[in-house]
Amino acid sequence: MLNERNIAIIGAGTMGEAAIAGLLRAELVEAAQLVAATPRAERRRELSQRWGIKTTGDNREAATWGDVVVLAIKPQMVDHVLPNLQGVFQPSDLMISILAGVTIGKLKEMTGHAAIARAMPNTPAQIAEGITVWTTSQGLDAERRSWAKTVLSAIGQQVEVEDEKFMDMATALSGTGPAYVFMVMEALIDAGVHMGFPRRIAAQLVEQTVIGAVRYAIQSGHHVAELRNMVTSPGGTTAAALYELERGRLRTVLADGVWAAYRRARELGES
Ligand SMILES: NC(=O)c1ccc[n+]([C@@H]2O[C@H](COP(=O)([O-])OP(=O)(O)OC[C@H]3O[C@@H](n4cnc5c(N)ncnc54)[C@H](OP(=O)(O)O)[C@@H]3O)[C@@H](O)[C@H]2O)c1
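Summary of the structure given here. Everything numeric in this text was worked out from a predicted model, so none of it was measured.

Some details on helix α6 (residues 142-153)
- Here α6 spans 16 Å end to end across 12 residues, near enough to the 16 Å set by a 1.5 Å rise per residue.
- What α6 keeps buried is the set R144, W147, A148, V151 and L152. The arc that holds the buried residues of α6, viewed along the axis, is 120°, so those residues lie on one side. Of the residues in α6, the exposed ones pointing more than 90 degrees away from the buried face are A142 and E143.

Next comes the structure, spelled out in structure tokens:
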């Protein structure tokens, strides 16, 4: 699908490099089809040595060369970087933005380019285990939609949504989601240590419990509430633990956290 298409990554930091790694490892493109634009010469050397790709310090040069231009700079750099890309896009090019909170309208206004996919990935993208929610500018043709889908599938699963309003929700649920999981894992590991396990063993138990529970939930096809009921024997240990978790408002605390992230994503988008 990306045969003979050139891909430019503007801002080759953590997420930009995740895209480069995913595209090359999955053999979706050849190294010769990629260019990374980033200001530091040392970082450019590192990327070209590690991945065998072209690099440049000139964003305009990269965007001109790319048929697909991935914007992976920090949102704070938008005012500085995007106006400088005015006039470099061909009408047939596709811009993919992973900038948190920057709307399709704003991207179009600042760059002058109308064919846009806006995406919200998450950090497991770095090991191609992310989940990316994405949407496009109105009327984007099937071919460029398929380019977006292919590029985003290089960093994990992807889900296309019809309406841009889902992007702030995705930011709160899956974009921020790894942090919720890490915090829960940290709390469980600390509880293991509190009981007397060495930290290394507590960490191993929690990590594999999380991986196993998630894989089991997906593969069993049961609703997660059914799976929970299946391990809750009358008068048993799970029932005792669940009572305390409910009393401590675990579910509503998590929901409140997600809502707080959603409200903040909307505020940041508006500012
Ligand atoms: N990390 C996440 O979990 C996550 C999740 C969803 C979305 N995102 C989005 O992904 C984007 C990138 O995040 P990140 O974590 O990958 O950030 P990052 O590691 O800081 O990467 C940004 C890169 O842009 C480079 N840069 C700085 N000025 C530039 C310029 N004028 N032109 C081109 N490149 C320039 C930086 O170079 P230097 O290192 O030399 O400064 C750095 O390599 C953000 O917009 C963020 O909202 C991130």
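So that's the structure; there's more coming.
Regarding the site of the ligand
- Around the ligand lies a shell of 28 residues, among which G11, G13, T14, M15 and A100 are the nearest.
- In terms of residue count, helix α1 (residues 14-25) provides more of the shell around the ligand than any other element does, 3 residues in total.
- Across the shell around the ligand, the residue classes tally to 15 nonpolar, 10 polar and 3 charged.

Here's the deal with the pairing of strand β5 (residues 94-97)
- Here β5 shows a buried face lined by L94 and I96 and a second buried face lined by M95 and S97.
- Across 4 bridges, the pairing between strand β4 (residues 68-71) and β5 is parallel. Within β5, the residue paired with L71 across the bridge is S97.

Concerning the sheet that holds strand β1 (residues 7-10)
- Judged by pairing direction, the sheet is mixed, and its 8 strands sit side by side in the order β3-β2-β1-β4-β5-β6-β7-β8 without closing on themselves. Both outer strands of the open sheet, β3 (54-56) and β8 (156-160), are each paired with one neighbouring strand and no more. Strand-to-strand twist across the sheet, computed as the mean angle between neighbouring axes with direction ignored, equals 20°.
- Pairing analysis gives 5 bridges linking strand β7 (residues 130-136) to β8, with the strands arranged parallel. Bridge pairing links I131 to Q157 in β8.
- Its contacts with the sheet place helix α5 (residues 104-111) against β5 and β6 (116-120), and it is angled at close to 130° to β6.

Analysis parameters
Residues numbered from 1 in each chain as written. Predicted model: local features only at pLDDT ≥ 70, side-chain atom pairs only at ≥ 80, totals over all residues. Helix = DSSP H or I, 4+ residues; strand = E, 2+ residues; numbered from the N terminus. Expected span 1.5 Å × (residues − 1). Buried ≥ 20, exposed ≤ 12 C-beta atoms within 10 Å, placed from the backbone. Arc of directions from axis to C-beta. Near = placed C-beta within 6 Å. Nonpolar A, V, L, I, M, F, W, Y, C, P; charged D, E, K, R; others polar. Pairing = 2+ DSSP bridges. Axes fitted to C-alpha atoms, helices over the stretch in contact; angles between N-to-C directions. Contact = placed C-beta atoms within 7 Å.

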